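# Observations on the three-dimensional arrangement
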Amino acid sequence: MNRSAKWLQLSTSAAVLSAALVFPTAVGATTKTTVEAHVEWNSFLQQQYGVTFDKTVTREQFEKALLKIVSTTTSISEKDLSAKTFLPESKDASKLVVWEAVSAAAKAAELKELGYTYSEEKVAAALKKAGISYKKGGTLTLQAAQELAVAIDTGLVSANALKSASVEGAVSAELASQLLAKVTEFHGSAKNYLGTIADEEIFGKLAQAWNESQIIKAGELQELVDKGLKQNLITGYNLKDAAFNPHFDPQRTITYGHSDIAHAIQLIGLLKSEGVNAKVQFEPKTSAFIYLKEWGEPVQTADYQVVQIENGNYIAYAKEYDLSLEFDSVKEKEKFQPLVLKYAKRDQEDMTGLLKASWWQPLYHSRTELADYAVITNNVLKDGRYVVQSFSLNEESPKVVEGFQKLNDKVKVETYKFWVDQPFFHYLNGESK
């Protein structure tokens, strides 16, 4: 093995150690039936915002949910938002009718100014798509009609959804969920992904995402965790940007980490060839770990950088990625591990029949329980959009939390347990394979 190859192997294996550390209209989505879409909307709203509806949706329920979503997806606090309601005034404090909900959603999605540019002719043409007749002086004011029209034209609400409901009728749970889910989409907080495994363009999109990513730097947050590295509080950490969070359903999602983009492309190709489909999100990641001086002088590149520390060792920062995969079902999710263990796990040095750059200890994990997976802890620190993760054995987590709090008594360390593959669990326990 030449020196460059040796360094590559060291950075790859150490990077593993460092981890010890839309809806139907979204990009890459496939066409869904109304029932499937409603199930997905409900699931997303419940998981991300704790929002659920019974068959009857009241004004208070809808307004409360809308305020929660907008405050979460913008910098405006829920308290400040509550001072100006999105819903129009009504004599009935409990009943919520269709046009009111659509009007409120249009305002929450920041569409009202566009709507108010609509002429009466343009309003009438848009409403006609939904089988709604507009006449000046009728039930709908011009302003309300403009809000409905812009909601239809931009896809905030589907014309078909309004065709099956009277604008003066009660709002169904299905329509309420659709409107709220679309509001999250307009604020950039819906499901966030490149495409699906079935997409013909997914390989090019993955390569382009990798080419556009770079080593992430996070200022004071990174300085803090680097102190933890120097003091051997942790052996490594991952640094990510929350802007790439896919907002996937954890029941159907696995996250797979690696450093070679050709490996990711081959992994997606493997799943495709096995008839497994999933939404695919590329999440840029930087892994940091201690590079020992006895390993030799490190070679630096744009994707691999080092900083020498007081004892002569280095902190290495390597460009990597996480692939988040939301499978079509839990059953499809369960097919993932057998394929990885057969085709993406190295068991001997000169092993053929594997994906390019397969690791001895592949790293993939789930937020929900899976058979034959081990439970470990993620120790998480956040600062704005930046997220630091350091994976540890469960019994080691209290020491990690305490150590960071000693470094900075104001720091908040979030912890949660999750499920990882057995090879990586063995690695955390000091086993080499």
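Rules behind the numbers
- Residues numbered from 1 in each chain as written.
- Predicted model: local features only at pLDDT ≥ 70, side-chain atom pairs only at ≥ 80, totals over all residues.
- Heavy atoms only, no water.
- Helix = DSSP H or I, 4+ residues; strand = E, 2+ residues; numbered from the N terminus.
- Buried < 20%, exposed > 50% of the residue type's maximum accessible area, 1.4 Å probe, protein only.
- Areas by Shrake-Rupley, 256 points an atom, 1.4 Å probe, with all protein chains shown as cover.
- 1 Å grid on protein atoms, 1.4 Å probe; cavity = no way out; pocket = protein on both sides within 12 Å on 5 of 7 lines; lining within 4 Å.
- Points joined across faces, edges and corners; volume = space filled by probe spheres on them.
- Nonpolar A, V, L, I, M, F, W, Y, C, P; charged D, E, K, R; others polar.
- Contact = heavy atoms within 4.5 Å.
- Pairing = 2+ DSSP bridges.
- Arc of directions from axis to C-beta.
- Salt bridge = Lys/Arg side-chain N within 4 Å of Asp/Glu carboxyl O.
- Phe/Tyr/Trp six-rings, centres within 6.5 Å; stacked < 30°, edge-to-face > 60°.
- Lys NZ or Arg CZ within 6 Å of the ring centre and 35° of its normal.
- Axes fitted to C-alpha atoms, helices over the stretch in contact; angles between N-to-C directions.
- Parallel < 35°, antiparallel > 145°, perpendicular 65-115°, else oblique.
- Left-handed = near helix turned anticlockwise from the far one by under 90°.
- pLDDT = per-residue confidence, 0-100.
- Polar contact = N/O pair within 3.5 Å; in protein donor to acceptor, adjacent residues only side chain to side chain.

- The name given to the protein in an unreviewed UniProt entry is SLH domain-containing protein, with Brevibacillus porteri as the source organism.

## Overview of the overall build of the protein
- In terms of helices and strands, the protein carries 17 helices and 10 strands.
- With 433 residues in all, the protein has 53% of them scored as buried.
- Looking at the protein as shown, the accessible area adds up to about 20,500 Å², and 49% of this sits on carbon and sulfur atoms.

## Structural notes on the layout of surface pockets
- Its boundaries defined by the atoms lining it, the largest pocket holds a volume of some 1,100 Å³.
- The wall of the largest pocket is formed by 34 residues, among which N245, P246, H247, E283 and R367 lie closest to the centre.
- With four residues, helix α2 (residues 34–49) is the single largest residue contributor to the lining of the largest pocket.
- When its residues are assigned to classes, the lining of the largest pocket shows 11 nonpolar, 16 polar and seven charged.

## What about the side chain of H247?
- The residue H247 is located in the loop between β2 (236–241) and β3 (253–258) in this model.
- Dropping the residues within four chain positions of it, H247 is found in contact with F44, Q48, S189, A190, K191 and N192.

## Overview of the pairing of strand β7 (residues 363–366)
- Where burial is concerned, the two faces of β7 agree: the one with L363 and H365 and the one with Y364 and S366 are both buried.
- Across three bridges, β3 lies against β7 in antiparallel orientation. Opposite T255, over in β7, you have H365 as the bridge partner.
- In this structure, β7 lies alongside strand β10 (residues 414–420), joined through two bridges in antiparallel fashion. In the strand pairing of β10, H365 is matched with V420.

## Observations regarding the environment of A371
- When you line up the elements, A371 lands in the loop between β7 and β8 (374–383).
- A relative accessible area of 62% means that A371 is categorised as exposed.
- Put simply, A371 and W419 are 48 residues apart on the chain and 9.3 Å apart in space, counted from C-alpha to C-alpha.

## What about helix α11 (residues 202–212)?
- Restricting attention to buried positions, one finds in α11 the residues I202, L206, A209 and W210. When α11 is viewed along its axis, its buried side chains cluster within an angular range of 100° and face the same direction. Exposed side chains of α11 directed beyond 90 degrees from the buried face belong to N211 and E212.
- Taken together, the buried residues of α11 touch β1 (195–196), α13 (261–273), β4 (278–291) and β6 (314–327).

## Some words on the pattern of salt bridges
- Applying the stated criterion across every chain, the model contains 21 salt bridges.
- Across the salt bridge formed by D153 and K129, the nearest N and O atoms sit 2.7 Å from each other. Taken together, the positions of D153 in helix α8 (residues 142–154) and K129 in the loop between α7 (120–128) and α8 put the pair 24 residues apart, joining distant regions of the chain.
- According to the relative accessible area criterion, K129 is partly exposed, its value standing at 46%.

## Quick notes on the packing of aromatic side chains
- Inspection of every chain in the model, using the stated rule, returns 15 aromatic pairs.
- Seen from their ring centres, Y364 and Y373 are 5.9 Å apart, and the 80° between their planes marks the pair as edge-to-face.
- Three or more aromatic residues link up through ring pairs in this structure, and these residues are Y256, F327, F336, Y364 and Y373.
- The aromatic ring of Y118 is capped on one face by K122, whose charged end is 4.4 Å from the ring centroid.
- Here the guanidinium or amino end of K279 rests over the ring plane of Y193, the centre of that ring lying 5.7 Å away.

## Notes on the packing of α11 against α13
- Interaxial distance between α11 and α13 falls to 10 Å at its minimum, and their mutual angle equals 160°. One element, α11, and the other, α13, form an angle in the roughly antiparallel class. Of the two elements, α11 crosses α13, and the hand of that crossing is right-handed. Taking contact as the criterion, the partners of I202, F203, L206, A207 and W210 in α11 are, on α13, I261, A264, I265, I268, G269 and K272.

## With respect to unusual backbone geometry
- Of note, the phi angle at E110 is positive, near 60°, even though the residue is not glycine.
- Following the sequence through the fold, E110 ends up in the loop between α5 (98–108) and α6 (112–115).
- Residue classification places E110 among the exposed residues on the basis of a relative accessible area of 56%.
- Although it is not a glycine, H247 sits at a positive phi angle of roughly 55°.

## Let's talk about the confidence of the model for the protein
- When pLDDT is averaged along the protein, the result is 90, and 90% of the positions lie at 70 or above.
- Within the model, pLDDT remains below 50 along residues 1–31, and this stretch shows 82 contacts once partners closer than five positions in the same chain are excluded.

## A few points about the environment of E147
- Relative to the helices and strands, E147 is located in helix α8.
- Between the C-alpha atoms of E147 and A106, which are 41 residues apart in sequence, the distance is 6.1 Å.

## Examining the side chain of D322
- Locating D322 in the fold gives a position in strand β6.
- Taking relative accessible area as the criterion, D322 reaches 3% and is therefore assigned buried.
- A polar side-chain atom of D322 sits 2.8 Å from a polar atom in the side chain of K240.
- Discounting residues that sit within four places of it in the chain, D322 has contacts with K240, T255, Y256, G257, Q281, F282, E283 and K285.

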